[in-house]
Amino acid sequence: MTTDDRRRAIGKVVSVAADRLVVELHGGTANFTVVGFDDVHYVARLGSFVVMPAQAEYVVAEVVGLREKDAPSSRSAQGESTELDKAGAAKYLDLVPVGMLPQRRDGAFRFGVSTFPSLYADALYVLDEELDRIFEVQSATEIVPPPMGNGEATRYNALSIGTSVVFQDYAVKVRVDEFFGGHSAVLGNTGSGKSCTVATLLQSLFGKRDEFFARGATFLLLDVNGEYRSAFSELPQSVKRRYLKLEADPASPAAAPADEAETTAVFRLPHWFMTVEEWELLLRASERTQQPVLRSALGLVTLFSAEGGNQEALEKLKNHILAKCLLYVLNSADSPAAKADRVTALLSSFQTAALTLKAAKPLLGLNFGTMPQLPQLMQMFEAQLNEDVKVPNYSNKGFRFEDLELAFDLALLYEEAHGNMQIRDYCSQMITRFKWIRERDEFAFLRVPPEQLQEHERDVAQFVERCIGLSRLDGKFQKSAQVIVLDMNEAGDEVVEVASAVIARLIFDRLRRAEPRNRTPINLVLEEAHRYVAERPSGYAIDASRIFQRIAKEGRKYGLFLMVASQRPSELSKTVLSQCSNFVVHRIQNPDDLQHIRQMTPFISDSVMKRLPSLPKQHALIFGNAVNLPTTFKVRDVEPKPKSDDAAIRELWFRPAGKEAELQVPH
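What you see is a predicted model, and the numbers here were worked out from it, not measured in a lab.

Focus: the overall build of the protein
Then comes step 1: Of the regular secondary structure elements, the protein holds 21 helices and 25 strands.
Then comes step 2: Out of the 667 residues belonging to the protein, those deemed buried represent 51%.
Then comes step 3: Nonlocal contacts in the protein, meaning residues at least 24 apart in sequence, comprise 70% of its contacts between residues at least 6 apart.
Then comes step 4: Per element, the accessible surface of the protein, about 31800 Å² overall, is 48% carbon and sulfur.

Here's what the structure looks like:
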């Protein structure tokens, strides 16, 4: 044992077992405090570490209990307790062994204990240098040559996120690769500090003013409460931010940028970017009857708005479908007048070069309630039939949202023409839902006509590139933003669910096709994730969380990572939560949520879980791949703060007359 080791000895090992060690502190250790050669150490904090020499290594053990035993002199002859002798009482620490740490300073910590300390071996308090080795953050910074070859620059391997509440003045750090290169979860009750934790993580990451700041990083925040823009307003000018806002009027001008490093835009999502499955989610289409009609309608709307391609084949297909529907109308049991009106309406909306309202109009005349020229009209329509053609598949080409209603009518007619006489009744709920979405202001971002969009908004590839902070210049990509905030504060749960699922799927598809693979890492921050990454679908036929489950399972291969922030872990998708490799957990008191975390993270001890209900605000427990061992810390102060402060009830309630409200009248 070295001289320094002897000077930091706090006691002796008096009991050794495979799962429990007991250390008796040296006599005179008042209040579990030891005066070491470097500082005064309080060695009885639950969760702190003690090391014990064992050959060329230290056994690292966690403090899980402390107790005191009265000295014999403190009892009377009859065995009755007298005044407690604090100075003479024996003090014990109960320890659980967790791993081995080589005594040489370049040795790496490893889990599991292969050599136990001998009886009466010295127990030592832990130095900060040893804590860095235990948490594997001893090389927090790395000196690298800058690209121009002049001088040197610093690259950060570990990021400080707060101060330990167990080890005095010790900065808790996470390894950058393990924390941001995997899925993570920030959990806690409302008001416990989740938003501030997310904000301070990014402030710490981007607040380093250096040649090698994280310019290659991309964080897309799905901000459902509209609270993060202010938190990133004071980042260095070299950090580019893009602020997107989902508004009821997508044609309104964007708000003025806060500074030259921030760009703003109104968020608009072209509806034709959506897949069939996402349309099914939006319209809540049932599986057996409504989904086939929806797929036919999406194919038809693409057909009637498509540009280019085989025009001859396209015309034949249009003529066949239209003729089939027109013949169905003429063969129906409706009155001649109703038939004439229906044919006129169809040809007004869907006429082709061969089937026009102008050509059919002379044959639609009525005479005393009959249609004399019905045979000639049917002959004209029958001439355009071509049974070899099929309804096209949905091809994600631009079309007007309103055109889908016409396509629905045509698809229903096409189904009725094939004998499915009740299909219109079966699909009435879906059609009503479509009309409701068409009229709702909150879905306006989805209904923008193609002609009102700029070129980069109409093209899927460029749309996604802007969402992940890339822009094109001279045939090459350049980084245009490191932080992108999508503000969905004004959107309801349905809008958030659809928009988040579509955005996540578009980014995932883009990264899967990227070459070289995994070279553009993207971190998706999902605020209030329980609203759209739920374990149980919210009554919809298609679960919007399915894409997030796939990202959780496969995203690592393509460089797409999730940071899930939620106050209700029990409502989150178990698949997503089980794939998280790092957890930052604030105060959680709900038994269901605690049990859910316990099931998802079986490697966490009960003593660690018992800390969660009593954590103060701004304190959290972190565990996972990025920190090696669970530790409680105070999250570093966030400045500026996100808009998530608690209401100052007393100040807002007790006010002079005429000052009862501070709300601004909306424009």
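Here the narrative resumes.
Some details on the environment of Gln-567
Then comes step 1: Within the fold, Gln-567 resides in the loop between strand S22 (560-566) and helix H18 (574-578).
Then comes step 2: Remark: the alpha-carbon pair of Gln-567 and Gly-191, spanning 376 residues in sequence, is separated by 9.3 Å.
Then comes step 3: Sequence-distant contacts of Gln-567, that is, excluding residues within four places in its chain, are made with Gly-188, Asn-189, Thr-190, Lys-194, Glu-528, His-530 and Asp-593.
Then comes step 4: Side chain to side chain, Gln-567 and Glu-528 meet in a polar contact 3.3 Å long.

A short note on the nonpolar core
Then comes step 1: Counting 124 residues, the largest nonpolar core has Trp-279, Leu-404, Phe-408 and Leu-526 as the members making the most contacts within it.
Then comes step 2: Here this core takes twelve residues from helix H16 (residues 493-513), the largest share from any one element.
Then comes step 3: For Leu-404, the contacting residues outside a window of four places in its chain are Trp-279, Ala-297, Leu-298, Val-301, Phe-399 and Phe-434.
Then comes step 4: Residues Ala-9, Leu-124, Tyr-243 and Met-563 belong to the second largest nonpolar core, which totals 57 residues.

Some details on the packing of aromatic side chains
Then comes step 1: By the definition in use, this model includes 21 aromatic pairs.
Then comes step 2: Judged by centre distance (5.7 Å) and plane angle (90 degrees), the ring pair of Phe-180 and Phe-219 falls under edge-to-face. With Phe-180 in helix H3 (residues 176-180) and Phe-219 in strand S15 (residues 219-223), this pair connects stretches of sequence that are 39 residues apart.
Then comes step 3: A centroid spacing of 5.5 Å and a plane angle of 70 degrees characterise the contact between Phe-408 and Phe-434, whose relative ring orientation is edge-to-face. On the criterion of sequence distance, the pair formed by Phe-408 in helix H11 (residues 403-417) and Phe-434 in helix H13 (residues 428-439) is long-range, its members being 26 residues apart.
Then comes step 4: Taking the relative accessible area as the measure of exposure, Phe-408 reaches 2% and is therefore buried.
Then comes step 5: What links up through ring pairs into an aromatic cluster is the set Phe-267, Trp-272, Phe-273, Phe-445 and Phe-463.

Digging into the packing of H11 against H13
Then comes step 1: Two elements in contact, H11 and H13, have axes whose closest approach is 11 Å; the angle formed by their N-to-C orientations is 170 degrees. Taken together, H11 and H13 sit at an angle that is classed as roughly antiparallel. For the pair H11 and H13, the contacting residues are Leu-404, Glu-405 and Phe-408 in the first and Met-430, Ile-431, Phe-434, Lys-435 and Arg-438 in the second.
Then comes step 2: For the contact of H11 with H13, the class distribution of residues is five nonpolar, no polar and three charged.

Digging into helix H8 (residues 336-350)
Then comes step 1: Taking 1.5 Å as the rise per residue, H8 with 15 residues should run 21 Å; its terminal C-alpha atoms sit 21 Å apart, in good agreement.
Then comes step 2: Among the residues of H8, those classed as buried are Lys-339, Ala-340, Val-343, Thr-344, Leu-346, Leu-347 and Phe-350. With its buried residues spanning 165 degrees around the axis, H8 presents them on a single face.

Focus on the packing of H16 against helix H17 (residues 546-558)
Then comes step 1: The N-to-C vectors of H16 and H17 enclose an angle of 25 degrees; their axes lie 11 Å apart at closest approach. Taken together, the axes of H16 and H17 are roughly parallel relative to one another. Taken as a pair, H16 and H17 cross one another with a handedness that is left-handed. Along the contact surface, H16 presents Ser-500, Ala-501, Ala-504, Arg-505, Phe-508, Leu-511 and Arg-512, while H17 presents Ile-547, Phe-548, Arg-550, Ile-551, Glu-554, Gly-555 and Tyr-558.
Then comes step 2: Residues of the contact of H16 with H17, tallied by class, amount to eight nonpolar, two polar and four charged.

Quick word on unusual backbone geometry
Then comes step 1: Geometrically, the link from Glu-515 to Pro-516 is a cis peptide bond, its omega value of -5 degrees lying close to zero.
Then comes step 2: For Pro-516, the position within the fold is in the loop between H16 and strand S21 (522-526).
Then comes step 3: Of the consecutive residues Glu-639 and Pro-640, the connecting peptide bond is found in the cis state with omega at -5 degrees.
Then comes step 4: Position of Pro-640 relative to the elements: it lies in the loop between strand S25 (631-635) and helix H21 (649-653).
Then comes step 5: With phi around 70 degrees, Tyr-120 is a residue other than glycine that occupies positive phi space.
Then comes step 6: Tracing the sequence through the fold places Tyr-120 in the loop between strand S8 (110-111) and strand S9 (122-125).
Then comes step 7: Here Tyr-120 falls in the exposed class, since its relative accessible area comes to 55%.
Then comes step 8: Its identity as a non-glycine residue notwithstanding, Glu-136 has a phi of 55 degrees, on the positive side.
Then comes step 9: Relative to the helices and strands, Glu-136 is located in the loop between helix H2 (128-134) and strand S10 (141-144).

What counts and what doesn't
Residues numbered from 1 in each chain as written. Predicted model: local features only at pLDDT ≥ 70, side-chain atom pairs only at ≥ 80, totals over all residues. Heavy atoms only, no water. Helix = DSSP H or I, 4+ residues; strand = E, 2+ residues; numbered from the N terminus. Buried < 20%, exposed > 50% of the residue type's maximum accessible area, 1.4 Å probe, protein only. Contact = heavy atoms within 4.5 Å. Areas by Shrake-Rupley, 256 points an atom, 1.4 Å probe, with all protein chains shown as cover. Polar contact = N/O pair within 3.5 Å; in protein donor to acceptor, adjacent residues only side chain to side chain. Core = buried A, V, L, I, M, F, W, Y, C linked by side-chain atoms within 4.5 Å. Phe/Tyr/Trp six-rings, centres within 6.5 Å; stacked < 30°, edge-to-face > 60°. Axes fitted to C-alpha atoms, helices over the stretch in contact; angles between N-to-C directions. Parallel < 35°, antiparallel > 145°, perpendicular 65-115°, else oblique. Nonpolar A, V, L, I, M, F, W, Y, C, P; charged D, E, K, R; others polar. Expected span 1.5 Å × (residues − 1). Arc of directions from axis to C-beta. Left-handed = near helix turned anticlockwise from the far one by under 90°.

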